[in-house]
Amino acid sequence: MYWAEIPLIAISCFVLSNAKFLSSNQKVSIDPDIGRNVTEIIASRGYTYEEHHVTTQDGFILGLQRIPRGRGEKNGIKHKPIVFLQHGILADASNWVLGSSRESLGYILADNGFDVWLGNVRGNDYSMRHVKYKPSQSVFWNWSWQEMADYDLPAMINYVLHVTGKKQLFYVGHSQGTMIAFNGFSNNLALGNKVKAFFALAPVYTLNNTTKVVKGLAEIMWSVVKKFNPNLNFDTLPGDFFKSLVKLGYCANAISERICEYLSDSVFGMDSKNIDKSRGPVYLAHFGEGTSFKNMVHFSQIIVEGKCQKFDYGPTGNEKHYNQTPPPLCRVQNMRTPTLMFVGGNDGLGDPSDNKALEPQIKNLVHYEVIPGWNHVDFLYGKDAHSLLYSKLVSYMKSRRLLRSYNAKFIE
């Protein structure tokens, strides 16, 4: 047992006992989307789907899903522009397809003539394999978002371009999906040149003004890691933790529902009236996907140190990994990819102040917009996301003149 699992186990015991009580004393209506995987959700909306797998340079086997055409569309997909959607931390590709065909970005793009690909980074249910290691081995979990940027991102993007025969695609990232893009496209300029435009939703690069709850947890985690140097290589949320709770009916009575809402509000700012609370159990069931504890520590490092850096292994470890004592800073100002940033005015993680500081560092900035009142998950589940944001993304993607003006190397 790892020391960091103790509070998780304690919480689990309390939650599961409450859930068991609910299952025996209260009839709970379970939304079928809670138990569906990504392709089952897509199929239930009437869309064609494909499943793909790609192996990264360091041996992880990543799962990708594809929506090649709009609902009811029978034409070929040869000449369609490609959009790649990348989820955030502790999430998976279901983020983009959990709503109706009118509400979810994946379906809206498909119905507007795009070839839609959904990425899954290492550690979630769709990317839980390695050519050499098993999830039960600690070495399997020896990575953070740094490896996602260096290995997962190029593997997925290059695979999609190879399969489709195209030279460029549009990239849409949410939260951690923006973090790995900022770093991946700035460190690997050749990869960045394969992206027509990078749409950063709820961008995360520095986290100086994150919520008090997140900052407090990060400070505790970082101080313990620096002092005791424990083993960091294990899964943060082993198993289908939240999905199991929701299936048992957790968050379905007055007490547990308040606990769920309080935790969601404290971490994400999910108190917005713009979120359909009746879909809360579905969203919760598809949150809590696996990621390494080392990844959580890396985010804690950024919060505490106040700057975006590669993982800090300590002076001796840094000399070994980077040939320098401090961990190297991330250099987003090197990125040349045309970028559009959409910031939530009430985002507790991708804070507007942090993103305002990031704005002048983006050298090829096409568009910067703060959406008043939006929090971190409005970008995925907001009732007005389709009208305030998704329609705008489609317009930008179809505006060849606008994008060409910001990208001298625009390739059709």
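The name recorded for the protein in an unreviewed UniProt entry is Lipase, from Acropora cervicornis. What UniProt states about the protein under its Sequence similarities (unreviewed entry) heading is, verbatim, "Belongs to the AB hydrolase superfamily. Lipase family."

## A few points about the overall build of the protein
Summing up its helical and strand segments, the protein has 16 helices and 9 strands in all. Taken across its 412 residues, the protein has 57% of its residues classed as buried. Here the analysis covers contacts within the protein between residues at least 6 apart in sequence; of these, 76% occur between residues at least 24 apart.

## Observations concerning unusual backbone geometry
If you check the backbone angles, Ala202 has positive phi at about 50° while not being a glycine. Relative to the assigned elements, Ala202 resides in the loop between strand S7 (195-201) and helix H7 (212-228).

## Details of the UniProt feature "active site" (unreviewed entry) in the protein
Taken from the UniProt record, the annotation "active site" (unreviewed entry) applies to Ser175, Asp347 and His376. Look at the named residues: they lie 202 residues apart in sequence, but the longest C-alpha span between them is just 10.7 Å, so in the fold they bunch up. With respect to the helices, strands and loops of the structure, Ser175 is situated in the loop between strand S6 (169-174) and helix H5 (176-187). Apart from the residues lying within four places of it in its own chain, the contact partners of Ser175 are Gly88, Leu201, Ala202, Val204 and His376. When you line up the elements, His376 lands in the loop between strand S9 (365-371) and helix H14 (378-381).

## Some details on empty space enclosed by the protein
Vacant regions in the atomic arrangement are exposed by a probe of water-molecule size rolled over the atoms. All told, the structure shown has 1 cavity of 30 Å³ or more when counted by the stated rule. There is about 40 Å³ of room inside the largest cavity. Lining of the largest cavity is provided by His87, Gly88, Ile89, Leu90, Ala91, Val121, Arg122, Asn124, Met148, Gln176, Gly290 and Thr291. A breakdown of the residues in the lining of the largest cavity according to their chemical character gives 5 nonpolar, 6 polar and 1 charged.

## A short note on the pattern of salt bridges
Enumeration according to the criterion identifies 12 salt bridges in this entry. For Asp31, the salt bridge is made with Arg279, and the minimal N-O distance between the two is 2.8 Å. Taken together, the positions of Asp31 in the loop between helix H1 (5-25) and helix H2 (38-44) and Arg279 in the loop between helix H9 (254-268) and helix H10 (280-285) put the pair 248 residues apart, joining distant regions of the chain. Among the residues examined, Asp31 registers a relative accessible area of 27% and is labelled partly exposed. For Glu359, the salt bridge identified is with Lys356, shortest N-O distance 3.0 Å.

## A look at the nonpolar core
If you look at the biggest cluster of nonpolar residues, it comprises 50 residues, and the most contacted ones within it are Trp145, Ile157, Leu169, Tyr171, Phe182, Phe185 and Phe198. Looking at which element gives the most residues to this core, the answer is helix H4 (residues 145-164), with 9 residues. Phe185 has contacts with Leu153, Ile157, Tyr171, Leu191, Gly192, Val195, Phe198, Met335 and Thr337, leaving out every residue within four places of it along the chain.

## Some words on the environment of Arg45
Tracing the backbone through its elements, the reader meets Arg45 in the loop between H2 and strand S1 (50-55). Using a relative accessible area of 15% as the deciding quantity, one classes Arg45 as buried. With 54 residues separating them in the primary sequence, Arg45 and Gly99 have C-alpha atoms 9.2 Å apart. Here Arg45 is in contact with Asp33, Arg36, Arg71, Val97, Leu98, Gly99, Tyr107 and Arg279, once residues within four sequence places are set aside. Only 2.8 Å separates the side chain of Arg45 from the side chain of Asp33, close enough to count as a polar contact. Among the polar contacts made by the side chain of Arg45, one reaches the main-chain carbonyl oxygen of Leu98 at a distance of 2.7 Å.

## Some points on the confidence of the model for the protein
On average, residues of the protein carry a pLDDT of 87, and 81% of them reach 70 or more. Counting interchain partners and residues more than four positions distant, the pLDDT-below-50 stretch residues 1-25 has 36 contacts. Across residues 408-412, confidence stays below pLDDT 50; counting only partners more than four residues off in sequence or on other chains, it has 12 contacts.

## What to know about helix H12 (residues 314-322)
Residues of H12 that are buried include every one of Gly314, Gly317, Asn318 and Tyr322, and no others. Down the axis of H12, the smallest arc covering the buried residues is 100°, so these residues share one side. Along H12, the residues that are exposed and aim more than 90 degrees away from the buried face are Pro315, Thr316 and Lys320. Taken together, the buried residues of H12 touch H4. Among the residues trailing H12, Asn323 stands out with phi positive, at a value near 60°.

## Overview of the side chain of Ser127
Examined against the element boundaries, Ser127 turns out to sit in the loop between strand S4 (115-119) and strand S5 (129-130). At 2.8 Å, the side chain of Ser127 and the backbone oxygen of Asn120 are in polar contact. Apart from the residues lying within four places of it in its own chain, the contact partners of Ser127 are Ile61, Leu62, Gly63, Asn120, Val121 and Arg122.

## Thoughts on the side chain of Glu147
With respect to the element layout, Glu147 can be found in helix H4. Here Glu147 is buried and forms no salt bridge, its nearest opposite-charge partner Lys294 lying at an N-O distance of 5.1 Å. Each residue touching Glu147, except ones within four places of it in the same chain, is listed here: Arg122 and Asp152.

## Thoughts on the packing of H7 against helix H11 (residues 293-305)
Here H7 crosses H11 at 105°, and the two axes come no closer than 8 Å. Here H11 runs roughly perpendicular to H7, going by the angle between their axes. Contact residues: H7 offers Val214, Lys215, Ala218, Glu219, Met221, Trp222 and Val225, while H11 offers Phe293, Met296, Val297, Ser300, Gln301, Ile303, Val304 and Glu305. Classifying every residue of the contact of H7 with H11 gives 10 nonpolar, 2 polar and 3 charged.

Procedures and definitions
Residues numbered from 1 in each chain as written. Predicted model: local features only at pLDDT ≥ 70, side-chain atom pairs only at ≥ 80, totals over all residues. Heavy atoms only, no water. UniProt positions renumbered as here; feature names shortened; annotations may be inferred. Helix = DSSP H or I, 4+ residues; strand = E, 2+ residues; numbered from the N terminus. Buried < 20%, exposed > 50% of the residue type's maximum accessible area, 1.4 Å probe, protein only. Contact = heavy atoms within 4.5 Å. 1 Å grid on protein atoms, 1.4 Å probe; cavity = no way out; pocket = protein on both sides within 12 Å on 5 of 7 lines; lining within 4 Å. Points joined across faces, edges and corners; volume = space filled by probe spheres on them. Nonpolar A, V, L, I, M, F, W, Y, C, P; charged D, E, K, R; others polar. Salt bridge = Lys/Arg side-chain N within 4 Å of Asp/Glu carboxyl O. Core = buried A, V, L, I, M, F, W, Y, C linked by side-chain atoms within 4.5 Å. Polar contact = N/O pair within 3.5 Å; in protein donor to acceptor, adjacent residues only side chain to side chain. pLDDT = per-residue confidence, 0-100. Arc of directions from axis to C-beta. Lys, Arg positive; Asp, Glu negative; His and termini not counted. Axes fitted to C-alpha atoms, helices over the stretch in contact; angles between N-to-C directions. Parallel < 35°, antiparallel > 145°, perpendicular 65-115°, else oblique.

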